[in-house]
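What follows is the residue order along each chain.
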Amino acid sequence: MMIGKHRVVDPLAFPGLSRRSAIGDAVVGLLSTVFMVGASAGLGATATVVSALVGVAVMVRRSAPSLMMLLALVSALIQVITFDVAPGPSLLYAVLYYTTGNHPDFRVRRTALVVALVGSLLAAWVYLRAPGVDEVTTGRSLSDYVITFIGIAVLLVGGWTVGFIRRQRQSVEQARIAEQISELERRRLLDLYDEQAQRSSLARDMHDLVAHSLAVVVAQAEGARLILDVDPDEAKLALGTIADTAREALADVRGVLEELRSTESTADHARTDRDQLYARMRAAGMTLQSTQVGDEDAASPLAVRVAEG
């Protein structure tokens, strides 16, 4: 809402209201105002003023709910004070109470329901005393008030109820969407965790494979350097062991990468021949004693490759 050069925002305005929706409300309210004012032209000043007030209230019902409620209250007070009821414009109160029932603030909804019930009682009392109705109804009884109250309550409270039901459905839908988003976020975090775990496992496997092979290469290289002048044949053998170890390490790394790309079962994953490993290490002058513990088939292929490689 613009006042001069300043834009005033109603604190009770519907959040996320699009420009298209606000324009739609304004158009509907303007058409209602024109129609009601035209239809009330011969019914007196009260009907014309009430038509204008209620029409403007419909125009700003979601963009400025505070102004809407003020205009609705003023139009109702005019009819109570003058005892001049304007039935046509009063039908639009259902639209206004629908808006309050659908309002996101529970305080607005609760207050509007109380006003609707109290307003129905007061409207029934005023309506039966209106000049035109008073001439027809000579003997007013309790049943007359009850029937009139029920009729007006159906209009006011009924409009509020429809808006309230829609608000509850929107809340349920929003909660369902929020739950879906939360579930998707949880799955995304689990996927990230699994991916990080796979990366950590790959890093450990690669480290074990490469570190072991490099340890053998370094030992053989140091041995070859020390005996190169003393025993060239042993130095050549050590160099051959270095080459074999490097090739085996390359094959192990390729095996790990193939395992990552493979989507098949890893139960029958190929294992490095441990005898070749033992032979290389004995050729380096090591004395080995091996003991196997556990079931190879129950271990992961990468763990088997690391243990055997």
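Residues numbered from 1 in each chain as written. Predicted model: local features only at pLDDT ≥ 70, side-chain atom pairs only at ≥ 80, totals over all residues. Heavy atoms only, no water.

Brief notes about the overall build of the chain
The helix and strand inventory of the chain stands at 11 helices and 2 strands. The order of α-helices and β-strands along the chain, N terminus first, is β-β-α-α-α-α-α-α-α-α-α-α-α. Considering the chain as a whole, with its 309 residues, one finds that 28% of them fall into the buried category. In the chain, once contacts between residues fewer than 6 apart in sequence are set aside, the share between residues at least 24 apart is 71%. For the chain, the accessible surface area stands at approximately 19500 Å², while carbon and sulfur atoms represent 63% of it. (Helix = DSSP H or I, 4+ residues; strand = E, 2+ residues; numbered from the N terminus. Buried < 20%, exposed > 50% of the residue type's maximum accessible area, 1.4 Å probe, protein only. Contact = heavy atoms within 4.5 Å. Areas by Shrake-Rupley, 256 points an atom, 1.4 Å probe, with all protein chains shown as cover.)

Some words on a nonpolar patch on the surface
Taken together, the side chains of L142, V146, I150 and V154 present a nonpolar region at the surface, about 390 Å² in accessible area. Within the secondary structure, V154 sits in helix α8 (residues 142-227). (Patch = residues over 30% accessible without salt bridge, like charges linked within 9 Å, V, L, I, M, F, W, Y side chains within 5 Å. Salt bridge = Lys/Arg side-chain N within 4 Å of Asp/Glu carboxyl O.)

With respect to the nonpolar core
Counting 25 residues, the largest nonpolar core has V54, Y93, L96, Y97 and L156 as the members making the most contacts within it. Counting residues per element, the ones that place at least two in this core are α2 (45-59), α3 (65-82), α5 (93-101), α6 (106-127) and α8. With 6 residues, the top contributor of residues to this core is α2. Apart from residues lying up to four places away in sequence, L156 is in contact with Y93, Y97, A116, G119 and S120. (Core = buried A, V, L, I, M, F, W, Y, C linked by side-chain atoms within 4.5 Å.)

Quick look at α3
Its 18 residues place the ends of α3 26 Å apart at the C-alpha level, agreeing with the 26 Å of an ideal helix rising 1.5 Å per residue. Among all positions in α3, only P65, M68, L71, A72, S75 and Q79 are buried. For α3, the arc enclosing every buried residue in end-on projection is 130°, short of the 170-degree limit, so these residues lie on one face. Residues of α3 that are buried sit in contact with α2, α4 (87-90), α5 and α6. Downstream of α3 by one or two residues, F83 has phi in the positive range, about 55°. (Expected span 1.5 Å × (residues − 1). Arc of directions from axis to C-beta.)

Looking at the packing of aromatic side chains
In this structure the tally under the stated criterion is 2 aromatic pairs. Residues W160 and F164 carry aromatic rings whose centres are separated by 5.0 Å and whose planes lie at 10° to one another, so their mutual orientation is stacked. Of the two residues, W160 and F164 are both situated in helix α8; the distance of 4 residues between them amounts to about one turn of the helix. (Phe/Tyr/Trp six-rings, centres within 6.5 Å; stacked < 30°, edge-to-face > 60°.)

Observations regarding the pattern of salt bridges
In the structure shown here, the tally under the stated rule is 8 salt bridges. With a shortest N-O distance of 2.7 Å, E183 and R186 are connected by a salt bridge. Highlighted residues: E183 and R186, both in helix α8, separated by 3 residues, approximately one helical turn. A relative accessible area of 27% places E183 in the partly exposed class. Within the structure, one salt-bridge network assembled from shared partners comprises D25, R61 and R62.

Thoughts on the packing of α2 against α3
Put simply, α2 and α3 touch, their axes get as near as 8 Å, and they point 165° apart. It follows from the interaxial angle that α2 and α3 lie roughly antiparallel. Our pair here, α2 against α3, has a crossing hand that is left-handed. Only M68, L71, V74, S75, I78, Q79 and T82 of α3 make contact with α2, whose side of the interface consists of T46, V49, V50, L53, V54, V56 and A57. (Axes fitted to C-alpha atoms, helices over the stretch in contact; angles between N-to-C directions. Parallel < 35°, antiparallel > 145°, perpendicular 65-115°, else oblique. Left-handed = near helix turned anticlockwise from the far one by under 90°.)

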